[in-house]
Amino acid sequence: MRILFASGKGGAGKTTVTASLAKVWPREAIVVDADVEAPNVALFTDTTIESKTPVAMRVPEKITDRCDFCGECIAICQFKAVVKLGDRIVAFPDMCHGCGGCFAVCHTGAITEDRRELGRLESGTVLDGSVRFLMGRTRIGESMTPPLLRQEHARLNEMLTEMMKEDNILEEPDALLDSPPGVSCPAVTVTREADAILLVVDPTPFGFHDFKLAHQAFKPLGKPICAAINRAGAEGNEAGDEAVRAYCRAHALPLLAELPFERAAAEQYAAGLLLADLSPAWHERFVQLVHQIELTGKVHHRTRFATLVYHEQRWNASSASHESIVGTKRRSNVYNTSTIFCGNVVASDYSKCTFFLWSEERKKWFIFKTYKFAAFKCFSWAFSIFKVCFE
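Everything numeric in this text was worked out from a predicted model, so none of it was measured.

**Considerations on the sheet that holds strand 1 (residues 2–6)**
Two strands in a sheet stick together by hydrogen bonds in their backbones, pointing the same way (parallel) or opposite ways (antiparallel). With respect to topology, nine strands assemble into an open sheet ordered 3-6-7-2-8-1-9-10-11, the strand pairing being mixed. Either end of the sheet is taken by a strand with one partner, and the two such strands are strand 3 (48–63) and strand 11 (255–260). With direction set aside, neighbouring strand axes in the sheet form an average angle of 20 degrees. Relative to strand 7 (residues 131–138), strand 2 (residues 29–33) is paired through four bridges, and the arrangement is parallel. Residue pairing for strand 7: Ile 30 is matched across the bridge by Arg 132. The strands touched by helix 1 (residues 14–24) are strand 1, strand 2, strand 7, strand 8 (174–178), strand 9 (196–201) and strand 11; relative to strand 8, the strand with the most contacts, the crossing angle is about 155 degrees.

**Quick word on helix 4 (residues 146–167)**
Here helix 4 spans 31 Å end to end across 22 residues, near enough to the 32 Å set by a 1.5 Å rise per residue. If you check which residues of helix 4 are buried, you get Pro 146, Pro 147, Leu 148, Leu 149, Glu 152, Leu 156, Met 159, Leu 160, Met 163 and Met 164. One or two positions beyond helix 4, positive phi appears at Asn 168, with a value near 55 degrees.

**Some details on the packing of aromatic side chains**
Under the definition given, this model contains five aromatic pairs. Here Phe 208 and Phe 211 contribute two aromatic rings whose centre-to-centre distance is 6.4 Å and whose plane-to-plane angle is 35 degrees, an arrangement assigned as tilted. Of this pair, Phe 208 and Phe 211 both sit in helix 6 (residues 205–218), three residues apart, which is roughly one turn of that helix. Through a chain of ring-to-ring contacts, the aromatic side chains of Phe 208, Phe 211 and Tyr 247 assemble into a single cluster. The side chain of Arg 58 reaches across the aromatic face of Phe 103, ending 4.0 Å from its centre. The cationic tip of Arg 285 hangs over the ring face of Trp 282; the distance from NZ or CZ to the ring centre is 4.7 Å.

Rules used in this analysis
- Residues numbered from 1 in each chain as written.
- Predicted model: local features only at pLDDT ≥ 70, side-chain atom pairs only at ≥ 80, totals over all residues.
- Heavy atoms only, no water.
- Pairing = 2+ DSSP bridges.
- Helix = DSSP H or I, 4+ residues; strand = E, 2+ residues; numbered from the N terminus.
- Axes fitted to C-alpha atoms, helices over the stretch in contact; angles between N-to-C directions.
- Contact = heavy atoms within 4.5 Å.
- Expected span 1.5 Å × (residues − 1).
- Buried < 20%, exposed > 50% of the residue type's maximum accessible area, 1.4 Å probe, protein only.
- Phe/Tyr/Trp six-rings, centres within 6.5 Å; stacked < 30°, edge-to-face > 60°.
- Lys NZ or Arg CZ within 6 Å of the ring centre and 35° of its normal.

Okay, structure coming up:
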């Protein structure tokens, strides 16, 4: 399960919550700092960085004399990275979003390419080496973060796959993602890859306003959303706490925790220490929050996600032998993806496959075998089982 800790504004406490939850998380997980413009999870978690990988993006450098002024590159670029100025076509690499469309449509090959450095990805461990860690950091002066965030997500997928192979497990380990603040492109880019969202709420007038914006922005993505109030119970702010509670009730938004406003907690934070280590009471608050998040995520997995692990014996006509293929498929909205599974998994005329469908609710695998000619009937049976188990 990939849990995103987000907020409508900076300073609400999402990094503080993410770091403390990593300390008490009951299973193997990866902590991901996706706030690439100001990553700071490492300030609280005794981080060891083991690798640093530069990330760059392909961009147009200039338009050469081979250009025949067809205008295709201008038409395809939505961000005006290639424009016509007078009798020339000019490239602006800083405006490029890296789609590669201009290169694809230029039939004369007139566009020369360059690589724009976006930042770097850093990986290692946190909490005395007990938890794996991934962090993105933008280059100073770089204003565009979504391409770097997409690279960070790709690296996260690689790390999770490596962990599954190392531990010989079939279920993907958890990932705790510290989101960029706000509701702009960076936050939405990260939110799209999450299984569940925890909104950390600052119950001040500004914080409440931005919390509502975040809820309204993320709700159309179809992810389960829950909330936790940080700095609850501040003297004179009872109305702010109640406003958050009332909004959550009105929108059926689970309010999983209210972390109290305490001077000792502020001192712990200022010293760069985890709130989960402040006292047994604070430790228990985060343990209970983990439990509530698990319940929210379990509902999500039961109703929207399936993991399909398959072993395929595929006939290779050229070598007159069978090839053994093992892999996993994970798709959202499973009720509409049986044909995708059929198309990807049962891909040749003489395929013999064994499928394993994981039930999160029953904690067991359903096993069945099929040939391509029985694929649609067999998948119908498999997904009817999935509905019974997960609805």
